[in-house]
Every structure is written in structure tokens, then in C-alpha cells.
Amino acid sequence: IEQVNSTSVSDWPSVAMNKALRAHLTKTIKGISQSSVTVYDETVQIQEQWYRFVAERIEDEKHPGRFELIGIYSDITHIKGLESKLEHFAKYDEITGLMNRWFFWEKGNNLLESPNKKDMLYYMFLDLDGFKRVNDTSGHATGDKIIQIVGKLIKDSLPDESISSRMGGDEF
């Protein structure tokens with residue numbers, strides 16, 4: 001986080017190093033100065049980095065039309081990366097990389113409700129018989145490897161626009 005108190009974005013230490021960020025903040029500050037916004041909060045992606053910029057416009061009571069803009073900006077790329085990972089973990093099976101049950105149902109419902117229903121929808125349910133015995137006799141690492149192989153076979157055998165899921169355990 002960097003707090004700055006300057007009329008020129010170029011004076012801000014880390015902004016001076018990033019031309020794209022400097023250009024964006026200059027445009028943002030100009031926009032705030034031409035509006036009546038009193039508190040500004042923006043999250044923006046510039047190139048491969050994510051930034052959050054929060055500013056407050058403080059009117060000069062002695063000089064109408066003049067104001068100060070106090071702002072703080074921070075690089076939140078790391079936080080955005082963690083959010084992306086969390087979203088992935090919430091939607092995809094850890095072992096196979098296929099959609100999990102909840103995300104599958106969400107996608108399936110969206111397809112059913114879509115206005116473009118001219119395409120046929122097919123549903124197939126696959127359960128691996130005797131899988132519990134594999135886990136019990138050969139261990140969960142072997143069972144996980146089999147689950148990975150089956151998941152890959154399913155994904156590789158379907159057209160790209162298809163959706164596939166591991167519903168849980170040995171069910172696909």
C-alpha cells in the first residue's frame with residue numbers, strides 16, 4: 001500500500017515505474033476532479049497486475065471549486081490470484097480436474113434454461129463397479145490414479161463443448 005499526497009501521479013514512487021498504471025491513475029484522477037464523486041473505490045487490472053485505488057475528494061470550504069484528493073492504491077495481484085484458486089477449488093474436482101457435482105448442476109441448469117435449445121442434450125451417468133474393493137486392497141493412492149485415468153478418458157472422448165463431472169467417489 002502506498003499513500004501519496006501529490007498533485008502529479010509521476011511523483012508517486014511505484015507508479016513512476018509502471019507507465020500503464022500511471023496513465024490509468026492520471027485518467028482516473030482527472031475523471032474524479034471533473035465529477036462530484038466524494039469517495040472513489042476501483043479495482044482494475046492493468047497488464048498482468050491488479051490494483052485497488054481508493055480516494056476521497058475533500059472540498060476546500062474557503063475556496064469553492066477547489067478540492068484535495070487523498071488516495072491510497074495497492075497492488076492486489078496476490079489476492080486476485082488466491083481468489084482465482086479458491087474459485088477453481090469450489091468448482092472443480094481436485095483429483096480429476098473435472099467439474100464437481102455442484103458446478104455441473106449449475107452449468108447443466110444454465111444449458112436447460114438457455115434460449116438456444118435447438119441442440120440436443122444428453123446425460124450419461126457412470127459408476128465404477130467394484131471400486132471400493134480397489135481402494136480397500138490396493139490403497140487410496142491407487143484408487144485416485146484410477147479415478148484420474150477414468151476422468152481423462154471421459155474428457156478426451158467427449159467433444160470440446162461437452163461438460164463432464166466427477167459427481168463424487170466413483171461416480172461420473
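J.: An account of the nonpolar core is requested, with residue identities and associated values reported.
T.: With 9 residues, the main nonpolar core is built from L21, L25, I32, V44, I46, Y51, F53, A55 and Y73. Those elements that place two or more of their residues in this core are α1 (19-33), β2 (39-46) and β3 (49-59). Setting aside anything within four residues of it in sequence, one finds A55 in contact with I32, T38, V39, Y40, L69, I70 and G71. Counting 7 residues, the second-largest nonpolar core is a separate cluster that includes L98, I147, I154 and F172.

J.: I'd love a proper account of the environment of A20, names of residues and values included.
T.: Looking at where A20 falls in the secondary structure, it is placed in helix α1. Counting along the chain gives 27 residues from A20 to Q47, while the straight-line C-alpha distance between them is 7.7 Å. Setting aside anything within four residues of it in sequence, one finds A20 in contact with I46 and Q47.

J.: Talk me through the pattern of salt bridges; I want residue IDs and the actual numbers.
T.: Proximity of charged atoms lets side chains of opposite charge pair with each other. Per the stated rule, a full pass over the model turns up 5 salt bridges. Across the pair K91 and E87 runs a salt bridge whose closest N-O atoms are separated by 2.9 Å. Taken together, the residues K91 and E87, both in helix α2 (residues 77-91) and 4 residues apart, mark about one turn of the helix. A relative accessible area of 45% places E87 in the partly exposed class. The partner of D136 in a salt bridge is K132, and the shortest N-O contact between them spans 2.8 Å. Placement of both D136 and K132 in helix α4 (residues 131-138) is noted, with a separation of 4 residues, approximately one turn of the helix. The two residues D136 and K132 agree in class, both being exposed.

J.: Any details on the side chain of N100? Residues and values, ideally.
T.: One can find N100 in strand β5 (residues 99-100). N100 sits in the buried class, given a relative accessible area of 13%. Aside from chain neighbours lying at most four places away, what touches N100 is F89, A90, K91, Y92, D93, S165 and R166.

J.: Please provide a residue-by-residue account of the packing of aromatic side chains, values included.
T.: Applying the stated criterion across every chain, the model contains 2 aromatic pairs. With a centroid separation of 5.5 Å and an interplanar angle of 65°, the aromatic rings of Y92 and F103 are classed as edge-to-face. With a gap of 11 residues between them, Y92 in the loop between α2 and β5 and F103 in helix α3 (residues 101-113) connect regions that are remote in the sequence. Among the residues examined, F103 registers a relative accessible area of 9% and is labelled buried. Plain terms: the ring middles of F104 and W105 are 5.3 Å apart, the flat faces sit at 70° to each other, and that makes the pair edge-to-face. Among the residues examined, W105 registers a relative accessible area of 37% and is labelled partly exposed. For the cation-ring pair, K80 lies above W50, with the distance from its terminal atom to the ring centre recorded as 4.6 Å.

J.: Outline the side chain of D93, supporting the account with residue identities and numerical values.
T.: Its place among the elements puts D93 in the loop between α2 and β5. A relative accessible area of 16% means that D93 is categorised as buried. Polar side-chain contacts of D93 include one of 2.8 Å to the side chain of T96. A polar side-chain atom of D93 sits 3.0 Å from a polar atom in the side chain of R166. In contact with D93, not counting residues within four places along its chain, are L98, M99, N100 and R166.

Cut-offs applied
- Every chain is numbered on its own, with residues counted from 1 as its sequence reads.
- Totals for whole chains, interfaces and linings use all residues, but because this is a predicted model, local features are given only for residues with pLDDT of at least 70 and pairs of side-chain atoms are given and counted only at 80 or more.
- The basis for every side-chain value is the complete set of heavy atoms in the structure, and neither hydrogens nor water enter the calculation.
- Among the buried residues, those of types Ala, Val, Leu, Ile, Met, Phe, Trp, Tyr and Cys that are joined through side-chain atoms within 4.5 Å form a nonpolar core.
- Exposure is judged per residue with a 1.4 Å probe applied to protein chains only, and the accessible area is read against the type maximum: over 50% gives exposed, under 20% gives buried, and values in between give partly exposed.
- Strands here mean DSSP runs of E at least two residues long; helices mean DSSP runs of H or I at least four residues long; both are numbered from the N terminus.
- Here a residue-residue contact requires only that any non-hydrogen atoms of the pair lie within 4.5 Å.
- Salt-bridge detection follows one rule: a side-chain nitrogen of Lys or Arg within 4 Å of a carboxyl oxygen of Asp or Glu.
- For Phe, Tyr and Trp, where Trp contributes only its six-membered ring, two rings pair if their centres lie within 6.5 Å, and the inter-plane angle classes them as stacked under 30 degrees, edge-to-face over 60, or tilted in between.
- In this scheme, the term charge over a ring applies when either NZ of a lysine or CZ of an arginine sits within 6 Å of the ring centre and within 35 degrees of the ring normal.
- Within 3.5 Å is the distance limit for a polar contact, defined as a pair of N or O atoms, with the added protein rule that one can donate a hydrogen and the other accept it, and that residues adjacent in sequence qualify only through two side-chain atoms.

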